[in-house]
Amino acid sequence: MSTVRQAVLRLPFSFGARRWRASPFLVSLALAPMAVILLLVVAMLWISLQKGVFGTASAIYTLENYREVLSDPFLLHALRNTAIFTLSTVFFALVLGLPIAWLTERTTIPGKTLIYALMTLGLLIPGIYTAMGWTLIAHPRIGILNRWLVDLLGLAEGPINIATPVGMGFVQGMSLAALVFILTAQMFRAMNPSLEEAAKVHGLNLGRTLWRITLPLALPGILAAVIYITTIGIATFDIPAILGLGNRVYMLSTFLYIKVHPPGSGLPEYGISGAMGAFMVILAIFLTCWYGQVLRQGHRFEVITGKGYRPALIELGRWTMLGWGFIALYALISKLLPLLLIAYAAFTPYFAPPSFEMFGKLSTVHFSNMDWDLVLRGLKNTGILVLVVPLVVLLFGFSISWLVVRSRSRSRYLLEFGAFLPHALPEVIMAIGALMLSLFVIGNVVPLYGSVYLIAIVYVVARLAFATRAINGSLLQIHKELEEAAFVAGLSTFRTAWRVLLPLIWPTLVSVWIWTALLVYRELTVAVFLGVQDNITLPAVIWSYWYGGGINKASAVTLLMTLVLTPMILAVWWVGRRSQVPGQ
Amino acid sequence: MISIRHLAKEFPVSGGRVAALKGLDLEVAEGEFFVIVGASGSGKTTLLRCVAGLEAPDGGEIRIAGRVVSSDKPPVWVASQQRQLGMVFQSYAVWPHLTVYENVALPLAEGEQRAPRREVSSRAREALRLVQLEELADRSATLLSGGQQQRVALARAIAVNPRILLMDEPLSNLDARLREEVRGKIRDLSKQLGSTVLYVTHDQVEAMAMADKIALMQAGELLQVGLPMELYHHPARPEVAEFFGLVNWVEGRMVQPALAETAVGAIEIKGSQAPGSQVLLGFRPESLSPVSTPPAGARNVLSGVLRSSTFLGDQFLYDVMIRDHLFVGKGRLIPSNGDGNVCFYVDPREVMVFPAKKKISGRFDERGI
């Protein structure tokens, strides 16, 4: 009997109670990304234990790499830089993001939709734009601000240096302030206003209420945001690369980069970078576990509120101008000014502070002199990634979510963990793992090294955590009986997904698609670590011009890239208006 | 039509597993309207979902129309899609992104029991006609009232001409008046179509009104299966008697094969019990009928004091104290001979007799009136 399926699938993923759903196809779709992530990490660890010719019989297994890493004085220096950088990142992100979140959720400030749009879309403007812009503003030699100050005060050299760990932290903090905003705005919204009202009734003024009630209540949420930002800060590559590499200020991530892509004629030190990566993995997993713990503890403070309470908002009155002034200043220095300067640099033959003389020299020389071969190749590769990655992410993300949300088996926790894993692993680690996997493990079987599809694989697993979380939330809102009705009515698993589930959650899917496409479009870290001649992406083209000193050319390509980026960001805004979809 | 053997199902809970079905057996004949009734948590929905193929049993066997659809030894599993069922869900599960017509037509067009392409439309419309929803065919499903959604779900279930119709508390989301109206219609429709129906509910009135046969379920087991009248008048166990309505309980000892000595006097029963055995006697409120003049020499006449009464419209519900025992009676009028004393007659045929194994704590003892 062909219709009688033997219940043979009794492996850990038989999903006990749900044999009907556990089609092996669906389960393998859900498991594949997890396998890839584990493979990446294992490849990295394996190489870190070797000396000699990696992956061959002549390799010597030893802990020598770890000893070398720990005794490297230069590493200690990079570690110190990273610590300062991360601390400043957290500081600036909080100082900028937290007040805006509070203003938006707890006061009567007008134009809240606009603030939300500014902050969410701000998240989509690449950090490298801000970094490039701020180089043009505050680089000690070429920075406009420094040049003005030198002229004005008659100094010998520029007093401000953005290419320091603190300066980079400032730029990174401006970028991540949008994330702090999104993370903490939810918290301020969920906070029970009656707690603050009780303070008011019992005679505490606004300042005291904020200090004694609001802040302590918000503390777990803020701490969670701090850990989250720290996790990103420690391993972030793009901003330290743009600001620091050319000026020889190294972070852990950029240090890793020169280990695998040494400048000049140096040889890559894969074993040592693997050992460094191992330490970063441990640190990242520790931070992620801590983050989860803090989030759980945060629920302690949750006060159950009745339905339909309306939070009492704080009357801002004449402080409105100050509030909006703050938000506008943030938007100006973090997004608008850097973008304007990039545009300016794209049309000037060499970089100098704006003047009548410079405006007379504006030309499109960088566009006509551009290596169009390279740019078009970058555009083609980026195009492939933007087309392929979001679709694959949706396919895997939906499969995982469906199993996780609907299964009652314990194995779903494994899947959930697998989907969360990429969240804990920094992109540099995945990139290093992919590099080693393609070079030394599967290099002879599948020639992935130097292929754009290697980058695509890493993008897919890296973006999966966000996708599954969004789709989980959306699927949970769909009553289980809607799909069961389809099963009983005789619709196959595939048709049930296609005709019932996907139409019901399509706004989420569209939004996940666009977000993923955007993040893939602007991604630099993985593209630079895995990039060679053939698989260079558009952001990597910008990076190679910039790293090679071609500031103006890099700006010109950036401007081209923005031309495509703008309609995509507008699309996010448009879709976001139609459906309330969570940000990141 | 449906044959279930030793069906077992457990669910993992924190700190262990809880048995939802404890090896139960069930037989549903073709064309039968079979109602499974039980309190919430009794496992009745789990049973239905096992038949539907939405839940995989841990043990036992299910056959539909002679074909094994689920079995542990040898392992057999037929997916829900291939069982050729129709089902009405508690939430109706009307697909909100489709119109009324599309909801009914989707299984016909793309399901396992799909109809030939040219018949899809006519059969979907026929199903909608049967539930009187033809005019709303092109309306979006979300714009319907609860009662209308329920009919869409019903039309969808019958459109594929299923061998078996499964219904999971389909009336529980309707208001009381509509519920009475719809339950008649569902029964009529199923009889008209000749379907075999497995119907789950927690409402004993609904069960008795609709069923050809009732199975009462408790804690994963079937307490009794039978005709509605059987379960009401001849319950196999005190629990069954209590489920279908209020019971006045009194303990006693048999002094003759058909006569028991109790705290409220001698009570005659029908049938015979071993003299000397301890028994638990029960009779329903409507069996405690007031009489103005007790028949001469009649047994089973109890005299008590009226404590309170509730006017229900068609009849009275009253509490009576008979020799320090509180009883509940039901009747059309309360005759009183002036001093507050009332006489009642209990028909021996309406006394339920159970061996007194354990003390039943009826609602009656706990009523603190």
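Residues numbered from 1 in each chain as written. Chains lettered and ligands numbered in written order. Predicted model: local features only at pLDDT ≥ 70, side-chain atom pairs only at ≥ 80, totals over all residues. Heavy atoms only, no water.

The next subject is the overall build of chain A. The number of helices and strands found in chain A is 24 helices and three strands. Classification of the 584 residues of chain A by burial places 55% in the buried group. Contacts in chain A between residues at least 24 apart in sequence constitute 76% of all its contacts with a sequence separation of at least 6. (Helix = DSSP H or I, 4+ residues; strand = E, 2+ residues; numbered from the N terminus. Buried < 20%, exposed > 50% of the residue type's maximum accessible area, 1.4 Å probe, protein only. Contact = heavy atoms within 4.5 Å.)

Now for the overall build of chain B. Helices and strands together make up the secondary structure of chain B, namely nine helices and 21 strands. On the principal axes, the C-alpha backbone points of chain B span a range of 75 × 50 × 40 Å. Burial status across chain B gives 51% buried among its 369 residues. Restricting the contact set of chain B to residue pairs at least 6 apart, pairs at least 24 apart contribute 65%. With an accessible surface of roughly 16200 Å², chain B has 49% of that area assigned to carbon and sulfur atoms. (Areas by Shrake-Rupley, 256 points an atom, 1.4 Å probe, with all protein chains shown as cover.)

Should the charged atoms of two oppositely charged side chains come close, the side chains can pair. Residues and elements named next belong to chain A. All chains considered together, the criterion is met by 19 salt bridges over all chains. In this structure, Lys51 and Glu68 form a salt bridge, with 3.2 Å as the shortest nitrogen-oxygen distance. Of this pair, Lys51 sits in strand β2 (residues 50-51) while Glu68 is found in helix α2 (residues 64-70), placing the two residues 17 residues apart along the sequence. The class of Lys51 is partly exposed, set by a relative accessible area of 25%. (Salt bridge = Lys/Arg side-chain N within 4 Å of Asp/Glu carboxyl O.)

Tallying the contact residues gives 32 residues for chain A and 41 residues for chain B. Here chain A is connected to chain B by three salt bridges. Its salt-bridge partner being A:Arg499, residue B:Glu110 comes within 2.1 Å of it at the nearest N-O pair. Put simply, chain A and chain B have eight residue pairs in polar contact (both at pLDDT 80 or more) between them. Of all the elements in the fold, those that place two or more residues in the side of chain A that touches chain B are β1 (4-5), α20 (480-488) and α21 (493-522) of chain A. Of all the elements, α20(A) adds the most residues to the side of chain A that touches chain B, at eight residues. Taken together, the residues that form the side of chain A that touches chain B break down as 15 nonpolar, seven polar and 10 charged. (Polar contact = N/O pair within 3.5 Å; in protein donor to acceptor, adjacent residues only side chain to side chain. Nonpolar A, V, L, I, M, F, W, Y, C, P; charged D, E, K, R; others polar.)

Bringing the confidence of the model for chain B into the picture now. Residue and element names in this part refer to chain B. Summing up the model confidence of chain B, the mean pLDDT is 86 and the portion of residues at 70 or higher is 93%. Long-range and interchain partners of residues 360-369, a stretch whose pLDDT sits below 50, account for 26 contacts in this model, where long-range means more than four residues apart. Confidence estimates for the predicted assembly give a pTM of 0.76 and an ipTM of 0.72. (pLDDT = per-residue confidence, 0-100.)

So, about the side chain of B:Ser70. For B:Ser70, the position within the fold is in strand β5 (residues 67-71). Look past the residues within four positions of B:Ser70 in its chain and what remains in contact with it is B:Pro57, B:Gly60, B:Glu61, B:Ile62, B:Val76, B:Trp77 and B:Arg83.

A separate point is the packing of aromatic side chains. A complete count under the given rule lists 28 aromatic pairs over all chains for this structure. Between A:Phe494 and A:Trp498, the ring centres sit 6.4 Å apart and the planes meet at 5°, which makes this aromatic pair stacked. Taken together, the residues A:Phe494 and A:Trp498, both in helix α21 and four residues apart, mark about one turn of the helix. Looking at A:Phe494, the relative accessible area reads 61%, which means it is exposed. Residue classification places A:Trp498 among the exposed residues on the basis of a relative accessible area of 55%. Among the aromatic side chains, those forming a connected cluster through ring pairs are A:Phe237, A:Tyr257, A:Phe529, A:Trp543 and A:Tyr547. Directly above the ring of B:Trp77 sits B:Arg83, whose terminal nitrogen or CZ lies 4.8 Å from the centroid. Seen from the ring of B:Trp95, B:Arg156 lies directly overhead, with NZ or CZ sitting 4.4 Å from the centre. (Phe/Tyr/Trp six-rings, centres within 6.5 Å; stacked < 30°, edge-to-face > 60°. Lys NZ or Arg CZ within 6 Å of the ring centre and 35° of its normal.)

Residue and element names in this part refer to chain B. One open sheet accounts for six strands, arranged β7-β8-β9-β3-β10-β11; its pairing is mixed. Whereas interior strands pair on both sides, the edge strands pair on one side only; in this sheet they are β7 (85-88) and β11 (221-226). Strand-to-strand twist across the sheet, computed as the mean angle between neighbouring axes with direction ignored, equals 15°. Alignment of strand β3 (residues 33-38) against strand β10 (residues 213-218), held across five bridges, turns out to be parallel. Across the sheet, Val35 pairs through a bridge with Ile214, a residue of β10. Across the sheet, helix α4 (residues 146-159) touches β7 and β8 (164-168), and the angle it forms with β7 is around 175°. Here helix α5 (residues 176-193) sits on the sheet in contact with β3, β8 and β9 (196-201), set at roughly 145° to β3. (Pairing = 2+ DSSP bridges. Axes fitted to C-alpha atoms, helices over the stretch in contact; angles between N-to-C directions.)

Another point: the side chain of A:Ser399. As for its position among the elements, A:Ser399 is in helix α16 (residues 372-406). Once you skip the residues sitting within four places of it in the chain, A:Ser399 turns out to touch A:Leu26, A:Leu29 and A:Ala30.

This part takes up the sheet that holds strand β17 (residues 301-311) of chain B. Residue and element names in this part refer to chain B. With respect to topology, five strands assemble into an open sheet ordered β16-β20-β17-β18-β19, the strand pairing being antiparallel. The open sheet has two edge strands with one neighbour each: β16 (289-291) and β19 (325-331). Sheet twist, expressed as the mean angle between neighbouring strand axes with direction ignored, is 50°. In this structure, strand β18 (residues 316-322) lies alongside β19, joined through seven bridges in antiparallel fashion. Bridge pairing links Tyr318 to Gly329 in β19.

What follows is about the packing of α4(B) against α5(B). A packed helix pair is summarised by two numbers, namely the angle formed by the two axes and the spacing between the axes. Residue and element names in this part refer to chain B. Orientation of α4 relative to α5, taken along the N-to-C sense of each, is 15°, at an axis distance of 12 Å. Viewed along their axes, α4 and α5 adopt a mutual orientation that is roughly parallel. Note that α4 runs across α5; the crossing there is right-handed. Facing Gly147, Gln150, Leu154 and Ile158 of α4, the residues of α5 in contact are Leu178, Val182, Ile186, Leu189 and Leu193. Considering only residue class, the contact of α4 with α5 consists of seven nonpolar, two polar and no charged. (Parallel < 35°, antiparallel > 145°, perpendicular 65-115°, else oblique. Left-handed = near helix turned anticlockwise from the far one by under 90°.)

All right, on to the packing of helix α5 (residues 127-138) of chain A against helix α7 (residues 165-190) of chain A then. All names here are of chain A. Orientation of α5 relative to α7, taken along the N-to-C sense of each, is 140°, at an axis distance of 9 Å. Along this stretch, α5 crosses α7, giving a crossing that reads as right-handed. Contacts between α5 and α7 involve Gly127, Thr130, Ala131 and Trp134 from the first element and Phe170, Val171, Met174 and Ser175 from the second. Grouping the constituent residues of the contact of α5 with α7 by class yields five nonpolar, three polar and no charged.

Right, let's talk about helix α1 (residues 44-52) of chain B for a bit. Residue and element names in this part refer to chain B. In terms of burial, α1 is a largely internal element, eight of the nine residues being buried. All of the buried residues along α1 are Lys44, Thr46, Leu47, Leu48, Arg49, Cys50, Val51 and Ala52. Once α1 finishes, Gly53 follows within two positions and takes phi at roughly 85°, a positive value.

What follows deals with the pairing of β19(B). Extensive coverage of β19(B) is indicated by the burial of five of its seven residues. In this antiparallel pair of consecutive strands, β18(B) and β19(B), the connection spans two residues, and B:Arg323 shows a positive phi of 45°.

This paragraph deals with the pairing of β3(B). Residue and element names in this part refer to chain B. The element β3 is extensively covered by neighbouring structure, given that six of its six residues are classed as buried. Here β3 shows no split at all, with Phe33, Val35 and Val37 on one side and Phe34, Ile36 and Gly38 on the other all buried. Relative to β9, β3 runs parallel, the two being bridged by five bridges. Bridged to Val35 within β9 is Tyr199.

Here the focus is a nonpolar patch on the surface. A cluster of nonpolar side chains, A:Leu329, A:Leu332, A:Leu336, A:Leu337 and A:Leu340, forms an exposed patch at the surface whose accessible area comes to about 420 Å². By secondary structure assignment, the location of A:Leu337 is in helix α13 (residues 320-347). (Patch = residues over 30% accessible without salt bridge, like charges linked within 9 Å, V, L, I, M, F, W, Y side chains within 5 Å.)

With that settled, consider the environment of B:Ala56. All names here are of chain B. Looking at the secondary structure, you find Ala56 in the loop between α1 and β4 (59-64). For Ala56, a relative accessible area of 2% corresponds to the buried category. Separated by 14 residues in the primary sequence, Ala56 and Ser70 place their C-alpha atoms 7.8 Å from one another.

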